[in-house]
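# Examining the three-dimensional arrangement
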Amino acid sequence: MNHFKLSILTAGLALSMNIISQGRAQTALSAGDLAFIGIQANGTIDNFSFVSFKDLTAGTIVYFTDNGWTGTSFRNSTTLDFDGSEGLVFFKVKTGQTVSAGTILRALDTNTTQVEWFSVSGSTANLNSPGTIGTGTTASPQFPYIGLSTGGDQLYAFQSSLPEMNGTTGGSNPLFTTGSQLHLAAINTATSWANSTSSSTGNITPGLLESNGTALRVNNAGAVLATGAYFNTALFGAGATEDQWKTAIKDTANWTITGTGDTGASILSAGTITIIPEPSSAALLGFGTLALLALRRISRKS
């Protein structure tokens with residue numbers, strides 16, 4: 001085999017390995033790529049729902065916690081509070097699956113065709129388990145499945161650069177490593193954001209803002225939310241652009257406050273929302289070019 005053929009073979013193998021590697025890599029999200037669209041604090045196991053505005057490839061992991069943000073870290077990531085009332089869970093997109101943008105995911109829809117859910121206790125992860133509720137210690141913190149307080153609570157979504165937690169071995173608890181966290185979205189059922197000093201308080205995490213809807217506060221006419229709330233996912237019958245959805249989601253007028261009898265997953269919408277792609281710059285340039293050519297033809301004929 002001559003050097004030329006060898007070079008082509010080597011380049012081909014390198015390209016193939018790169019494609020395989022890219023296929024296995026999880027989707028890297030940014031603030032606003034995921035949005036909470038429902039929260040329920042009155043269930044046997046509390047529930048929440050969200051939607052991603054990007055396709056989530058196999059292996060993608062997103063963490064969720066109701067540990068309040070102190071201004072510098074999550075409160076339960078220190079010795080301040082291991083009372084077992086704050087949770088940490090994550091979902092992972094299964095091998096060979098892709099969750100399309102616009103798909104609505106709910107925390108109680110565990111172990112579905114596309115994703116599986118894990119709860120976290122200390123430095124271990126348990127598949128589709130409610131976790132352990134207990135007092136906990138610094139050496140062995142315990143985080144139950146998400147338990148949302150009817151007296152006001154915050155829920156946060158983030159990704160982590162740490163290795164994946166896997167069963168009883170491997171990985172580190174991302175709640176404890178602030179520098180590994182990339183914050184995606186937050187929702188608050190209390191009347192205000194404040195540095196966490198209790199299980200019902202929490203501030204906005206870094207990179208999120210109320211002004212763009214990445215940090216969302218839903219409450220009942222200025223009072224602490226009694227049970228839950230959900231966004232009207234049928235607002236745009238034929239679908240809308242990503243920006244239109246985001247603008248609508250951050251407007252609490254498009255949310256319904258739930259009554260005391262509403263429990264479980266059923267009150268939170270399932271299914272999908274239709275996201276209409278924005279015209280690309282290339283497409284707009286093409287339209288502009290065609291329009292210019294049309295004008296030239298008209299002017300020549302006249």
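See the structure above.
Just so you know, these numbers come straight off a predicted model, no measurement behind them.

### Concerning the side chain of D33
- Relative to the elements of secondary structure, D33 occurs in the loop between α1 (3–24) and β1 (34–40).
- When near neighbours in sequence (up to four residues on either side) are disregarded, D33 contacts V51, S52, F53 and K54.

### Description of the environment of T197
- One can find T197 in the loop between β9 (181–188) and β10 (215–217).
- Sequence separation between T197 and G68 is 129 residues, and the spatial gap between their C-alpha atoms is 8.0 Å.

### Overview of the sheet that holds β1
- Spatially, five strands are ordered β5-β2-β1-β11-β13 in an open sheet, and the strand pairing comes out antiparallel. In this open sheet, the two edge strands, each paired with only one partner strand, are β5 (104–106) and β13 (255–257). Across the sheet, the mean angle separating the axes of adjacent strands is 25° when strand polarity is ignored.
- Across three bridges, strand β11 (residues 228–231) lies against β13 in antiparallel orientation. Within β13, the residue paired with Y230 across the bridge is T256.

### Points about the packing of aromatic side chains
- Going through the model one piece at a time under the given rule, you end up with 20 aromatic pairs.
- Between F50 and F91, the ring centres sit 5.6 Å apart and the planes meet at 25°, which makes this aromatic pair stacked. Note that F50 is positioned in strand β2 (residues 47–52) and F91 in strand β4 (residues 88–93), a separation of 41 residues in sequence.
- Overall, F50 belongs to the buried group, its relative accessible area being 1%.
- Look at F91 and you get buried, because its relative accessible area is 0%.
- The positively charged end of K246 is found above the aromatic ring belonging to F53, 5.2 Å away from the centroid.

Definitions and cut-offs
Residues numbered from 1 in each chain as written. Predicted model: local features only at pLDDT ≥ 70, side-chain atom pairs only at ≥ 80, totals over all residues. Heavy atoms only, no water. Helix = DSSP H or I, 4+ residues; strand = E, 2+ residues; numbered from the N terminus. Contact = heavy atoms within 4.5 Å. Pairing = 2+ DSSP bridges. Axes fitted to C-alpha atoms, helices over the stretch in contact; angles between N-to-C directions. Phe/Tyr/Trp six-rings, centres within 6.5 Å; stacked < 30°, edge-to-face > 60°. Buried < 20%, exposed > 50% of the residue type's maximum accessible area, 1.4 Å probe, protein only. Lys NZ or Arg CZ within 6 Å of the ring centre and 35° of its normal.

What is shown is where atoms sit, not what they do.
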